[in-house]
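Each chain is listed here by its residues.
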Amino acid sequence: MLRSLCAVAIVTCLAPFPACAEQRIVNFFNWSNYIAPGVLDDFTRETGIKVVYDTFDANETLETRLLAGKSGYDVVVPTAYFLQRQIKANVFQKLDKSKLPNLANAWAVVTERLAVYDPGNVYAVNYMWGTTGIGYNVKAVREALGADARIDSWDVVFRPEILARFKDCGVHMLDSADDILPAALNYLGLDPNSTAKADLDRAADLVGKVRPFVRKFHSSEYLSALATGEICLVVGWSGDIKQAQSRAAEAHNGVEIGYSIPREGAQMFFDNLAIPADANHVAEAYELINYLYRPEVAAKSSEFLSYASGNLASQNLIDPKITGDPAIYPDEATLKKLFVITARDPASQRIINRLWTRVKTGQ
Ligand code: N2P
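Note that the structure is predicted; figures quoted are calculated from it, not measured.

Colleague: Now, about the pattern of salt bridges: what can you tell me, with residues and values included?
Modeller: Two side chains carrying opposite charge are able to pair once their charged atoms lie near each other. If you walk through the whole model with that rule in mind, you get 17 salt bridges. In this structure, the salt-bridge partner of aspartate 42 is lysine 300, at a minimum N-O distance of 3.4 Å. In this pair, aspartate 42 sits in helix α2 (residues 39-47) while lysine 300 sits in helix α14 (residues 295-305), placing the two residues 258 residues apart along the sequence. For aspartate 42, a relative accessible area of 25% puts it in the partly exposed group. Relative accessible area serves as the criterion here: at 36%, lysine 300 is assigned to the partly exposed category. In this structure, the salt-bridge partner of aspartate 152 is arginine 263, at a minimum N-O distance of 4.0 Å. Of this pair, aspartate 152 sits in the loop between α6 (138-145) and α7 (155-158) while arginine 263 is found in the loop between β8 (257-260) and β9 (266-274), placing the two residues 111 residues apart along the sequence. Salt bridges sharing partners connect three or more residues here, namely Arg150, Asp152, Arg263 and Glu264.

Colleague: Describe the site of the ligand, naming the residues involved and giving the relevant values.
Modeller: As a structural note, the neighbourhood of the ligand is formed by Trp31, Ser32, Asn33, Tyr34, Thr79, Trp237, Asp240, Phe269, Asp271 and Tyr307. Contacts to the ligand include aspartate 240, whose side-chain N or O atom sits 2.8 Å from a nitrogen atom. Here the ligand has 260 Å² of accessible area as a free molecule, and 98% of this is covered by the chains. For the shell around the ligand, a count of residues per class yields five nonpolar, three polar and two charged.

Colleague: Report on the side chain of serine 301, specifying residues and quantitative values.
Modeller: In this structure, serine 301 sits in helix α14. By relative accessible area, which is 2% here, serine 301 ends up buried. Excluding anything up to four places from it in sequence, serine 301 contacts Ile35, Ala36, Val39, Tyr127, Met128 and Ser306.

Colleague: Which residues make up helix α10 (residues 197-210), and what values do they have?
Modeller: For α10, with 14 residues, the first-to-last C-alpha span of 20 Å sits near the 20 Å given by 1.5 Å per residue. Every buried residue of α10 is listed here: Asp199, Leu200, Ala203, Ala204, Leu206, Val207 and Val210. Buried residues in α10, looked at end-on, bunch into an arc of 155°, giving them a common side. Facing away from the buried side of α10 by over 90 degrees, the exposed positions are Ala198 and Lys209. On its buried face, α10 sits against α7, α8 (160-163), β5 (171-173), α9 (177-187) and α17 (346-361).

Rules used in this analysis
- Residues numbered from 1 in each chain as written.
- Predicted model: local features only at pLDDT ≥ 70, side-chain atom pairs only at ≥ 80, totals over all residues.
- Heavy atoms only, no water.
- Salt bridge = Lys/Arg side-chain N within 4 Å of Asp/Glu carboxyl O.
- Helix = DSSP H or I, 4+ residues; strand = E, 2+ residues; numbered from the N terminus.
- Buried < 20%, exposed > 50% of the residue type's maximum accessible area, 1.4 Å probe, protein only.
- Near = heavy atom within 4 Å.
- Polar contact = N/O pair within 3.5 Å; in protein donor to acceptor, adjacent residues only side chain to side chain.
- Areas by Shrake-Rupley, 256 points an atom, 1.4 Å probe, with all protein chains shown as cover.
- Nonpolar A, V, L, I, M, F, W, Y, C, P; charged D, E, K, R; others polar.
- Contact = heavy atoms within 4.5 Å.
- Expected span 1.5 Å × (residues − 1).
- Arc of directions from axis to C-beta.

See the structure below:
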């Protein structure tokens, strides 16, 4: 009798019976291709908390929902330079660290880097971090540029006569102003954080000149397109490209993928877990974040995703092929080439977004 009353209570969400537990849920809004298979199911099995999972592939999408309020999300994953200004807009709640004991596993180096965006590490903890570089099909590069060609410079992307050679085999570029324009600024020898109109115009012109050779601006499709051989070159995120590499290798489809952090430098980004101020399932949000900070869980995600995690204790549980790969866990020499982006003021961001739309549409 009690059991059937409970069933009714759960279904109707009335739960007036003390013996009945209401279904606990957490609404998790994460980047696409950014969690290892099984992690969320394991979390649910262990805690009974159902994860309502939804994905995005642009910081702008997340930001629009957060700024509108009542997003319905309990855990979100903003990149650091978006987090920085979202904190100022009061969209997150301060984290009660006593509810996150697994933060003892955090990697101090990453925590410090994140503190530049979130002083005192009050609102967010790092999830994963990576770089924005060039993914390529090894065979296609040989065909386009010769047997000895190496992809170690942004020349391949920003010199129209070179990128033109990849037009037919297919070029994708992230649909992300904050990834592509800083790469262009840096290539031009300008400050990747510049908000000077003249600098941004030059960067936009540079991208505009290669735009005719880009088949698509998109931030999640390239993973599988690269792995199947449907495209041959992409400006994309390290882990997504490395996932394409392993996916192709596992498929034995003759597709070999490379990832390059070009010698001129590349952006290093930090993606972080935060709880919106108006979250409805705060206790569950803490449980999820704490779970993701278990060394074995962080290791599983880092290993599958080929992104570095902000979890130091996870590192000796990860295949040394991953931790020893400087494209995933950059060594000192690689780190020297990486730059970071800081939050833009709203006016500059508007200019950047407008330029980006113009670049993409070619108008
Ligand atoms: C997951 C990549 C997210 C990194 N697809 C973007 N900051």
